[in-house]
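# Tertiary structure, described
So you can see what is in the structure, the chains are spelled out below.
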Amino acid sequence: MEYLIKTGSIGGMTDDQFFRFCPENDSIRFERDSAGDIILMEPTGSETERFNVNIITELTFGTGLRKWAMYSETTVASRFQTPR
C-alpha cells in the first residue's frame, strides 16, 4: 500500500529539500510524483528482494550487459526527467 502526502499547502518541496529529507528518514521509502507530492512506499519484503536479485543476476550474467549496465538498490536517490 502507498500513502500520498500532499505538499502544495506548504509551498511544495524543492529537489534539494527532498534529497535531504530522505536520508533524515531513512527507515521509510519515499518517492515523489510529478506534482511534487511525497509517496510513502510499503517495505518490499524478502520475496521481492529475491525477485530483484534474480533480475539483476540475469541482466548481469545472462545477457552480457555487464559491460555497460548500472544497477542500484532502493536506497539510492535518483531523479528522472519526465518527457514533455
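To keep things clear, this report deals only with the structure shown in the data block. (Residues numbered from 1 in each chain as written. Predicted model: local features only at pLDDT ≥ 70, side-chain atom pairs only at ≥ 80, totals over all residues. Heavy atoms only, no water.)

## Let's talk about the pattern of salt bridges
Enumeration according to the criterion identifies two salt bridges in this entry. We note a salt bridge from D37 to K6, for which the minimum N-O separation is 4.0 Å. In this pair, D37 sits in the loop between β2 (29-32) and β3 (38-41) while K6 sits in the loop between β1 (3-5) and α1 (15-24), placing the two residues 31 residues apart along the sequence. Given the relative accessible area of 9%, D37 is considered buried. In this structure K6 comes out as exposed when scored by relative accessible area, which is 61%. (Salt bridge = Lys/Arg side-chain N within 4 Å of Asp/Glu carboxyl O. Helix = DSSP H or I, 4+ residues; strand = E, 2+ residues; numbered from the N terminus. Buried < 20%, exposed > 50% of the residue type's maximum accessible area, 1.4 Å probe, protein only.)

## Remarks on the sheet that holds β2
Within the open sheet, the three strands sit side by side as β1-β3-β2. Their pairing is antiparallel. The open sheet has two edge strands with one neighbour each: β1 and β2. If you compare each strand with its neighbour and ignore which way they point, the axes differ by 30° on average. One ladder, built from four bridges, connects β2 with β3; its direction is antiparallel. (Pairing = 2+ DSSP bridges. Axes fitted to C-alpha atoms, helices over the stretch in contact; angles between N-to-C directions.)

## Some thoughts on the side chain of T7
With respect to the helices and strands, T7 occurs in the loop between β1 and α1. One polar contact links the side chain of T7 to the main-chain carbonyl oxygen of G36, over a distance of 3.3 Å. (Polar contact = N/O pair within 3.5 Å; in protein donor to acceptor, adjacent residues only side chain to side chain.)

## Examining the packing of aromatic side chains
Given two aromatic rings, one states the distance between the centres and the angle between the planes to describe the pair. Summed over all chains, the structure comprises two aromatic pairs. Between F21 and F30 the ring centres are 4.9 Å apart and the planes differ by 55°, which places this aromatic pair in the tilted class. Accessibility expressed as a relative area gives 25% for F21, which makes it partly exposed. (Phe/Tyr/Trp six-rings, centres within 6.5 Å; stacked < 30°, edge-to-face > 60°.)

Spatial relationships are all this shows, so hold off on functional conclusions.
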